[in-house]
Amino acid sequence: KQKINLNRVEMPKQSEHERRHNFDEVALGYTWELAKEEASRCIQCKKRPCQQGCPVNIDIPDFIAALQREDVEEAARILKRKTSLPGVCGRVCPQELQCENACTLNKKGAPVAIGRLERFIADWERTQGAPTMPEMAPSTGKKVAVVGSGPSGLTVASDLAILGHQVVLFEALHVAGGVLMYGIPQFRLPKEIVQREVQYVQSLGVDLRLNTVIGINYSLDELLRTDYDAVYLAPGAGLPKFLGVPGENLNMVYSANEFLTRTNLMKAYRYPEYATPIKMGKKVAVIGGGNVAMDAARCAVRLGAQEVYVIYRRTRAEMPARLEEVENAEEEGIEFHFLCNPTAFLSDGRNNVAAMELIRMKLTEPDESGRRRPVPIPGSEYILDVDTVVVSLGTSPNPLIPSTTPDLNVTRWGTVVTDERGRTSKARVWAGGDIVSGGATVISAMGEGRIAAASMHEFLSNGQ
Amino acid sequence: MYSIVEHEVLAPRVHRLRVQAPVVAEKAKPGQFVILIIDEKGERVPFTISDWDSEAGTVDFVFIEVGKTTQQLATMQPGDQLLSFIGPLGRPAEVGQFGHVVSVLSGYGIAAMVPILKALKDNGNTLTTIVQAPDQDRLFGQKPLEELSDTLILALGTQGDGMMESTTVAMRKLLNQHPKRRIDRVIAMCSLCLMRVLSEMTRPYAIKTMVHLTPVMVDGTGMCGACRLSVGRTNRFACVHGPEFDGHEVDGWEVLMARRCTYADESILQQGFQCRGCSQW
Ligand SMILES: Cc1cc2nc3c(=O)[nH]c(=O)nc-3n(C[C@H](O)[C@H](O)[C@H](O)COP(=O)(O)OP(=O)(O)OC[C@H]3O[C@@H](n4cnc5c(N)ncnc54)[C@H](O)[C@@H]3O)c2cc1C
Ligand SMILES: Cc1cc2nc3c(=O)[nH]c(=O)nc-3n(C[C@H](O)[C@H](O)[C@H](O)COP(=O)(O)OP(=O)(O)OC[C@H]3O[C@@H](n4cnc5c(N)ncnc54)[C@H](O)[C@@H]3O)c2cc1C
Ligand code: SF4
Ligand code: SF4
Ligand code: FES
Ligand SMILES: [Mg+2]
């Protein structure tokens, strides 16, 4: 009987000293030798718990078995059956909560590094050969509009194009990719990988129209009235949240969206070669505990900040960020301040932020749902000197399309209401991704797209 | 890509470009703006639409050379291409039958206000227009203003405080005649400082005063929050809820002006930009 190895193979990464000064990818990925070794740890469980832990139900034991047989091409084919973005998901999925959490080995030791293997396969395919082109169905003569080119929109566009429908993909920005381009930094997800996925989708015949805002250039009703038989809405949750405390508009208080858009999408880290500037102070406070906050804090380090603080009102255990990125942030010297929350931002007298007032928090006893709420401790206010603040509390659904489409049902949080197959309250309109969830993960945005695309295909084929 | 089809130099450092952008031209309304990117390494910069032709599919804007991007734009010729050109962004200016409307223009506002004035004229308003420019040489775009305005007042002065005075003096004279010669509305598209001063001048008379605000913008579609400002004690995004706002409701002008100057030291060429009392200098 095979002996189980409880230790996973480490993935090489840039040293923390080096990477504090560049925007190159931190994690360097497995070599073939390392990937083989890690794949060999999988014991091929009959019940496939890992697969059930994956939101898009990837055939994990099968692709790992292919790796064990040293057939990377076959592994890639298996992956592609369920995900069109393996190079992305392998890098950014919160695996510790999903597939790897469910892995049998997780009970006794370290789970199989499923994400790292996925990343290896995608990178191998990207560098070793032409991507495998799917078989294209003959044209159906039906035309579909997809609004938003993030992971959800890209998935629907490619699925429907493969099924023979003519797809036009509308994107408000000047590049496609959504948060993968404007939010997640280069050092975590190289933009070349995202653009390669976009080119692949275009190679399927999808007509990408950049610089086009639905709700401004065309209303949703106009799309339905003119050329299109059906529409998929995936405009994401791009509206930045603020704390609503005094002084939040002071100069040098950024929203994470502005900070990350300047840095990543507009490449301000290469100013002045790239024309977009970004002003950075010495003492930077990032407010929040999710992926967005980790990304902002780690960008600040690389942009030359001397001290970077993450301010989070709960504790490390409750932080929603991917574990790997929290560890990376700690290694990069970012200071975490837990159980505190800003109550005001203070000016230097010239309307630049100079300090913030914080209040200490404590967690309540768990309520019925088991959640412990953070509550302020009266009288515990204190001052922290900072000269730059990045408010990274997450985002709300983009209101533009709902506000220009009166008969589209939305919740009181502004998310679009759909049934389990992605249908909205409006005939011939589906939706998915962050505009429906209010903000979740790349893989769930993709998974919802998959389901909606199948439902749209049924409708386009037989009118139901 | 978006082709430049015309480039006209209107005055020293002042240019008009005409761009082929049918999707923008189709929906444009007075007071809206575009965001363009020159090339792959360019930044996103906003410009107010000064004219458009939905049949020819063209959009015009007038710009002043102040820094890196506008300087680069000034070198572009017909046939050259812009990487990106998004619009029409922002809410159109409020246009209705108000009565007597006084407008105050300076800089690119001299051209960018024209579509608004046309629409106001079509609605039967009486128009008094105050144009501010440093001197006769740097005045441009007078002709359409003469045609549209019932009264055209030129406030020419040298750079600095004197210049602002001549505009405020003209405004003061008009206000002194109110309500005998009633002013129903004021619209301003000029420097932030002047728009602030004008809003304070009209406040005691309760004359509705609309200002066209230009905080620093990045995406222009409500995603980044760079353009946020406080209006009526709520946070508004100028690119979505503006750029036209009721000047009497704008609070925190100081913060707005400071934010507007965050990057002023990067490449600014404009002489005399260092406004008195500005927090950034
Ligand atoms: C900084 C950051 C880090 C993150 N890190 C992770 C991570 O590590 N792992 C993870 O799984 N998830 C992460 N997420 C969340 C994840 O990125 C999102 O859940 C996912 O991108 C949602 O996909 P989407 O397709 O619904 O929307 P988006 O990716 O938001 O794409 C929407 C697209 O639609 C466009 N659009 C919007 N309105 C219009 C319109 N009216 N007309 C035309 N186009 C429009 C937008 O410009 C955008 O390109 C992160 C998010 C952020 C912001
Ligand atoms: C809604 C709106 C409409 C505008 N319309 C016009 C117009 O019709 N004609 C015109 O000449 N100018 C217009 N502007 C201002 C114009 O965008 C700036 O002059 C231009 O960005 C300067 O770029 P630069 O690189 O040449 O100069 P820089 O040296 O980069 O900047 C000079 C100054 O311009 C302003 N500025 C710089 N970047 C931006 C930005 N991304 N967004 C807003 N302001 C910025 C700042 O105040 C800065 O201090 C408008 C601005 C806004 C917000
Ligand atoms: S897509 Fe994400 S959750 Fe699914 S197997 Fe891959 S890494 Fe795990
Ligand atoms: S649960 Fe873990 S060990 Fe079992 S098949 Fe899945 S990856 Fe392999
Ligand atoms: S410019 Fe980004 S929200 Fe207005
Ligand atoms: Mg500039």
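Residues numbered from 1 in each chain as written. Chains lettered and ligands numbered in written order. Predicted model: local features only at pLDDT ≥ 70, side-chain atom pairs only at ≥ 80, totals over all residues. Heavy atoms only, no water.

Some points on the pattern of salt bridges
Residue and element names in this part refer to chain A. The following threshold applies: The term salt bridge refers to a pairing of a side-chain nitrogen on Lys or Arg with a carboxyl oxygen on Asp or Glu at a separation within 4 Å. Working definition: with a 1.4 Å probe on protein chains only, accessible area under 20% of the residue-type maximum means buried, over 50% means exposed, and in between means partly exposed.
Taken as a whole and assessed by the stated rule, the structure comprises 48 salt bridges over all chains. Across the pair Glu324 and Arg322 runs a salt bridge whose closest N-O atoms are separated by 3.4 Å. A relative accessible area of 24% places Glu324 in the partly exposed class. Three or more residues are tied together by salt bridges with common partners; here these are Lys13, Arg19, Arg188, Asp295, Arg298, Arg302, Arg322, Glu324, Glu325, Glu331 and Glu332.

Some remarks on the UniProt feature "binding site: [2Fe-2S] cluster" (unreviewed entry) in chain B
What counts, and what does not: UniProt positions are given in the numbering used here, feature names are shortened, and annotations may be inferred rather than shown by experiment. Segments assigned H or I by DSSP are reported as helices when at least four residues long, segments assigned E as strands when at least two residues long, and all are numbered from the N terminus. Whether two residues are in contact is decided by their heavy atoms: any pair within 4.5 Å suffices.
Here, UniProt's "binding site: [2Fe-2S] cluster" (unreviewed entry) annotation points to Cys224(B), Cys227(B) and Cys239(B). These residues run over 16 residues, yet every pair of their C-alpha atoms falls within 10.1 Å of each other. In this structure, Cys224(B) sits in the loop between strand 12 (209–212) and strand 13 (228–231). On the accessibility criterion, Cys224(B) (2% relative accessible area) is buried. Every residue in contact with Cys224(B), bar those within four places of it in the chain, is listed here: Pro240(A), Ser255(A), Asn257(A), Glu258(A), Val218(B) and Asp219(B). One can find Cys227(B) in the loop between strand 12 and strand 13.

Quick look at the sheet that holds strand 4 (residues 230–233) of chain A
Residues and elements named next belong to chain A. Selection rule: For two strands to be treated as a pair, DSSP must find no fewer than two bridges joining them. Geometry is summarised by axes, namely lines fitted to C-alpha atoms with helices restricted to the contacting stretch, and by angles between N-to-C directions that run from 0 to 180 degrees.
Ordered by their spatial adjacency, five strands build an open sheet running 3-2-1-4-16, and the pairing between neighbours is parallel. Each of the sheet's edge strands pairs with one partner strand only, and the pair in question is strand 3 (207–209) and strand 16 (429–431). The mean angle between the axes of side-by-side strands here comes to 20 degrees, regardless of whether they run parallel or antiparallel. Two elements, strand 2 (residues 166–170) and strand 3, share three bridges in a ladder whose sense is parallel.

Some words on the site of ligand 4
Note the threshold: To be near a molecule or strand, a residue needs just one of its heavy atoms within 4 Å of it. Three classes are used: nonpolar for Ala, Val, Leu, Ile, Met, Phe, Trp, Tyr, Cys and Pro, charged for Asp, Glu, Lys and Arg, and polar for all others, with Gly counted as polar.
Neighbouring ligand 4 are the residues Cys42(A), Ile43(A), Gln44(A), Cys45(A), Pro49(A), Cys50(A), Pro61(A), Cys103(A), Thr104(A) and Val112(A). When grouped by side-chain class, the residues that make up the shell around ligand 4 number eight nonpolar, two polar and no charged.

Remarks on the interface of chain A and chain B
Condition: By convention, the term buried area covers the 1.4 Å-probe accessible surface removed from two parts as they join, with the contributions of both added. Polar contact is defined as a pair of N or O atoms within 3.5 Å, subject to the rule that within protein one atom must be able to donate a hydrogen and the other to accept it, and that residues adjacent in sequence are counted only when both atoms are side-chain atoms.
With 40 residues of chain A at the contact, the number on the chain B side is 42 residues. Where chain A abuts chain B, roughly 3600 Å² becomes buried across the two surfaces, and 50% of that area is made up of carbon and sulfur atoms. On the surface where chain A and chain B come into contact, there are two salt bridges. Applying the counting criterion to the chain A and chain B interface returns 24 residue pairs in polar contact (both at pLDDT 80 or more). Among the elements of the structure, strand 5 (239–240), strand 6 (253–255) and helix 13 (256–265) of chain A are those that each provide at least two residues to the side of chain A that touches chain B. The leading source of residues in the side of chain A that touches chain B is helix 13 of chain A, at four residues. Split into classes, the residues belonging to the side of chain A that touches chain B amount to 21 nonpolar, twelve polar and seven charged.

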